[in-house]
Each structure stands twice: as C-alpha cells, then as structure tokens.
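# Structure at a glance
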Amino acid sequence: MLGLVIDDFAKEYLHSDLREIREAMLRKLDGLSGYDVRRPLTSTGTNLLGLVKHLAAWEARYFGEVFDRPFPEAVPERGSDLWATEHETREEIVSRYRRVWEHSDATIAALAIDSPGRVPWWPSPDVTLFNILVHMLTETSRHAGHADILREQLDGSVDLAPAKDPAFWESRRAEIDRAARAATERL
C-alpha cells in the first residue's frame, strides 16, 4: 500500500511540474510579433515558435506512440519540427501543443507510473511511464531555458520573481562584466 501512495505522489509531482513548465513555454510567445516568434535567433535557426512545435511533436510521440496510444493527428516529421513554415500559424501550433497536452494528460491519468512502454529509437527501448515523465519534464525544461534566453535577447523580458527594473539588470550586467574583465586580466 505504501508503494502505491509513493507511486501516486511521484506521478502527480512530475505531472504537475510538467504542466507548469508547458505554460511557461507558451508565455515566452506573449506580446511578440509573428516575425519575432519565428525568426532564427541562433546560428542553427533556433526560434521560439519552433521550440513549441518541437515540444508538441515529441510529447505526442512520447506519451502516444511509446504507450500504444497514438496522438490522433499528424505529427511533424523529424527535422521539420524545429521551425514553423510560412503556412503554419502561431495559433495552429499553440493549439496543437494544447491538444497534445490533453492527450498526454489522458495517458498519464490512465496509466500507473510503472506501466511499460517502448521507445524504439532509444538504445534501451523498454521504459515505464516514470521514465517518460522524467524525460519529458527534462526536455521541456531544457527548451524552456532556451526560450528564456531567446526571449531575453529579443526584448529583455525575463520570467523572474520578484520582477526587477531595467536599471537593476543594467547594473548587474555591468558588475558581472567588470568581474569577467578583472579575472581575465589576472590570468
């Protein structure tokens, strides 16, 4: 009985964190133009809307295919999932991501944390729901970190509490730059 309580707690804990970080991902798009959410901000073309599209595709695969509960819509092909084509709208991509959440949430609710799944593209393909919850939480958090940096590059927006004014960040950046220069000169 105790094992079941711990399993339920672990599943809900991981699921709750996943729900929170999904919402944080979408907040990174708020208030930005259509161009700014799509434009490549790194040498590899990373962009905010592409990260959302990518997460939607892989979450659909991991909580769908892996547990023989396929997402009922087409999922972008590997390699085309990191950017939005000119024919895809922000609304379509965000809406698909939210539908993926519903599908994933239903899978998570229906299965026990030790339910088996199979990830054929992994070297050790036999997994449990626990493994996939941890994997998707890690992946989503990783890409949310990318999105934090991209958004800050675009307009200085940061998701920190309590919020600091621009003068604070200018002073903090200057202090860090001074320390970096001083350390470099000493070496």
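Now for a quick tour of the structure. What you are looking at is a predicted structure, and each value in this text was computed from that prediction instead of being measured.

## Observations concerning the overall build of the protein chain
Check the secondary structure of the protein chain and you find six helices and two strands. Mapped from its N terminus to its C terminus, the protein chain presents α and β elements in the order α-α-α-α-β-β-α-α. Counting only C-alpha atoms, the protein chain reaches 55 × 45 × 35 Å along its principal axes. The buried share among the 187 residues of the protein chain stands at 37%. For the protein chain, the separation between the mean place of its 24 positive charges and that of its 32 negative charges on side chains is 4 Å.

## Remarks on the packing of helix H3 (residues 48-63) against helix H5 (residues 129-155)
Packing of H3 against H5 leaves a shortest axis separation of 10 Å and a crossing angle of 175°. Put simply, H3 runs roughly antiparallel to H5. Taken together, the residues of the contact of H3 with H5 break down into 13 nonpolar, five polar and three charged.

## Some points on the nonpolar core
In terms of nonpolar packing, the biggest core is built from 43 residues, with Leu29, Phe63 and Ile132 touching the most fellow members. Those elements that place two or more of their residues in this core are helix H1 (2-27), H3, helix H4 (90-110) and H5. Examining the composition of this core, we find that eleven residues originate from one element, H3, more than from any other. If we ignore the near neighbours within four places in the chain, the residues touching Phe63 are Leu18, Arg69, His103, Ser104, Thr107, Ile108, Leu129, Ile132, Leu133 and Met136.

## Regarding the packing of aromatic side chains
Inspection of every chain in the model, using the stated rule, returns six aromatic pairs. For the pair Tyr97 and Trp101, a centre-to-centre distance of 5.0 Å together with 70° between the ring planes defines the contact as edge-to-face. Taken together, the residues Tyr97 and Trp101, both in helix H4 and four residues apart, mark about one turn of the helix. Overall, Trp101 belongs to the buried group, its relative accessible area being 8%. Among the aromatic residues, ring-to-ring pairing joins Trp58, Tyr62, Trp121 and Trp122 into one connected group. If you follow Arg61 out to its NZ or CZ, it ends over the ring of Trp58, 4.6 Å from the centre. Note that Arg78 overlies the ring of Trp121, its terminal NZ or CZ placed 4.9 Å from the centroid.

Rules used throughout
Residues numbered from 1 in each chain as written. Predicted model: local features only at pLDDT ≥ 70, side-chain atom pairs only at ≥ 80, totals over all residues. Heavy atoms only, no water. Helix = DSSP H or I, 4+ residues; strand = E, 2+ residues; numbered from the N terminus. Buried < 20%, exposed > 50% of the residue type's maximum accessible area, 1.4 Å probe, protein only. Lys, Arg positive; Asp, Glu negative; His and termini not counted. Charge placed at Lys NZ, Arg CZ, Asp CG, Glu CD. Axes fitted to C-alpha atoms, helices over the stretch in contact; angles between N-to-C directions. Parallel < 35°, antiparallel > 145°, perpendicular 65-115°, else oblique. Nonpolar A, V, L, I, M, F, W, Y, C, P; charged D, E, K, R; others polar. Core = buried A, V, L, I, M, F, W, Y, C linked by side-chain atoms within 4.5 Å. Contact = heavy atoms within 4.5 Å. Phe/Tyr/Trp six-rings, centres within 6.5 Å; stacked < 30°, edge-to-face > 60°. Lys NZ or Arg CZ within 6 Å of the ring centre and 35° of its normal.

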